[in-house]
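Report on the structure
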Amino acid sequence: MSVPTIFYKGESMLPTIVTERLILRNISVLDAEDMYEYAKTPYVGPVAGWHPHQSISETKAIINMFLGYQAKGALGVYAIVLKDENKMIGTIELFNYVPQFKAELGYALNPTYWGQGIVPEAAEAILNWGFNDLKLKRVEVNLFTDNYQSERVCQKLGMTYEGLIRNGYLRYDGLIFDELKYGITDKEFYKTRY
């Protein structure tokens, strides 16, 4: 896999990152229709801990919420854009960011594009940015025990399974789930990539 190209513009904390097939850029309200296309399905949100969107207005409000987090010092949320189609097909982010220490990786993808290696490609670029530019020491992922696709992404990224968090997540519908924790340190990242 080639090294992503990173472009910093203006004062945004989020640079635009270009990979072989993808453009990762700051999410925009203009992405609402593309995001609603997958966010309304029962296949995406519930396995990530959020309810399916009920309307395009809800999707716009959530995007505005993401942009508001960024205004308060969070890194922000990337739109995953497929170059060939110029279509926003998912999101990816580093959240719970502690500067020069650690962050959590989260992502969602339109089911139409599952199984094509898109999330691993986007996540590899985000890890590269996190460890090289943000000087993180650790990136971690928490996922539900039955989210086998996300677990496979973690494995492809070279993350280490660190354990089971029993009753670790209270979902929007009141259900409590066990979670798996995966993580990768800066030393592990550099050892396997360079």
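The following paragraphs examine the structure supplied in this document. (Residues numbered from 1 in each chain as written. Predicted model: local features only at pLDDT ≥ 70, side-chain atom pairs only at ≥ 80, totals over all residues. Heavy atoms only, no water.)

1. What to know about the overall build of the protein
Counted only if it meets this: Here a strand is any run of E in DSSP of at least two residues, a helix any run of H or I of at least four, and the numbering for each starts at the N terminus. Throughout, radius of gyration means the C-alpha value; the globule benchmark is 2.2 Å times the number of residues raised to the power 0.38. Buried residues are those whose accessible area, probed at 1.4 Å on protein chains only, stays under 20% of the maximum for their type, while exposed residues exceed 50% and partly exposed ones sit between those limits. Contacts were defined at the residue level, with two residues in contact if any of their heavy atoms lie within 4.5 Å.
What the protein contains, in helices and strands, is six helices and nine strands. Relative to its length of 194 residues, the protein is compact, with a C-alpha radius of gyration of 16 Å against a globular reference of 16 Å. Overall, the C-alpha framework of the protein stretches about 45 × 40 × 35 Å when taken along its three principal axes. Classification of the 194 residues of the protein by burial places 47% in the buried group. The contacts in the protein between residues at least 6 apart in sequence include a share of 63% that link residues at least 24 apart.

2. Examining the nonpolar core
Stated formally: To form a nonpolar core, buried Ala, Val, Leu, Ile, Met, Phe, Trp, Tyr and Cys residues must be joined to one another through side-chain atoms within 4.5 Å.
Counting 38 residues, the largest nonpolar core has L24, I92, L94 and L105 as the members making the most contacts within it. With nine residues, the single largest contributor to this core is helix α4 (residues 118-132). Those residues in contact with L24 that lie beyond four places of it in its chain are P15, T16, I17, Y78, A79, I80, I92, A122, A125 and I126. Membership of the second largest hydrophobic core comes to 14 residues, among which are A32, M35, M88 and A108.

3. Some thoughts on the pattern of salt bridges
We count it as follows: We define a salt bridge as a contact between a side-chain nitrogen of Lys or Arg and a carboxyl oxygen of Asp or Glu at a distance within 4 Å.
According to the stated counting rule, one finds 11 salt bridges in the structure shown. The salt bridge partner of R138 is E162, with a shortest N-O separation of 2.5 Å. Note that R138 is positioned in strand β7 (residues 138-144) and E162 in strand β8 (residues 160-170), a separation of 24 residues in sequence. Among the residues examined, R138 registers a relative accessible area of 16% and is labelled buried. Residues participating in the shared-partner salt-bridge network are K102, R138, E140, E162 and K181.

4. Comments concerning the pairing of strand β5 (residues 87-98)
Here is the rule: One requirement defines pairing of two strands: DSSP has to find at least two bridges between them.
In this sheet, β5 lies alongside strand β4 (residues 77-82) in antiparallel orientation, the contact comprising six bridges. Each bridged residue has a counterpart across the sheet, and for L82 the counterpart in β5 is K87. Taking the residues between adjacent antiparallel strands as the criterion, β4 and β5 are bridged by four residues, where N86 takes a positive phi near 50 degrees. From the end of β5 to the start of strand β6 (residues 102-109), which pair antiparallel, there are three residues, and Q100 there has a positive phi angle of about 55 degrees.

5. Digging into the environment of R193
Spelled out, the test is: Counted as a polar contact is a pair of N or O atoms within 3.5 Å, where, for protein atoms, one must be capable of donating a hydrogen and the other of accepting one, and residues adjacent in sequence contribute only when both atoms are in side chains.
Note that R193 resides in helix α6 (residues 186-193). Overall, R193 belongs to the partly exposed group, its relative accessible area being 25%. With sequence-adjacent residues up to four places away left out, R193 is seen in contact with E124, L127, L157 and I184. Only 2.7 Å separates the side chain of R193 from the backbone oxygen of L157, close enough to count as a polar contact.

6. Let's talk about the packing of aromatic side chains
Inclusion rule: Each Phe, Tyr or Trp ring, with Trp reduced to its six-membered ring, pairs with another whose centre is within 6.5 Å; inter-plane angles below 30 degrees give stacked pairs, above 60 give edge-to-face pairs, and intermediate values give tilted ones.
Inspection of every chain in the model, using the stated rule, returns six aromatic pairs. A centroid spacing of 5.5 Å and a plane angle of 75 degrees characterise the contact between F189 and Y190, whose relative ring orientation is edge-to-face. The exposure class of Y190 is partly exposed, given its relative accessible area of 29%.

7. Section: the environment of V44
For V44, the position within the fold is in the loop between α1 (32-39) and α2 (45-48). Residues V44 and E85 lie 41 residues apart in sequence; the distance between their C-alpha atoms is 21 Å. With residues up to four places along the chain from it excluded, the contact list for V44 reads Y38, W50, A108, L109, P111 and W114.

8. Details of helix α3 (residues 56-71)
Our working rule: The length a helix should cover is 1.5 Å for every residue beyond the first. Think of the arc as the fan of directions from the helix axis to the C-beta atoms.
In a regular helix each residue adds 1.5 Å, so 16 residues correspond to 22 Å; α3 covers 23 Å between its end C-alpha atoms and thus fits that length. For α3, the set of buried residues is E58, T59, I62, I63, F66 and Q70. All buried residues of α3 project into a common sector of 140 degrees when viewed along the axis, lining one side. G73 sits one or two positions beyond α3 and adopts a positive phi of about 105 degrees.

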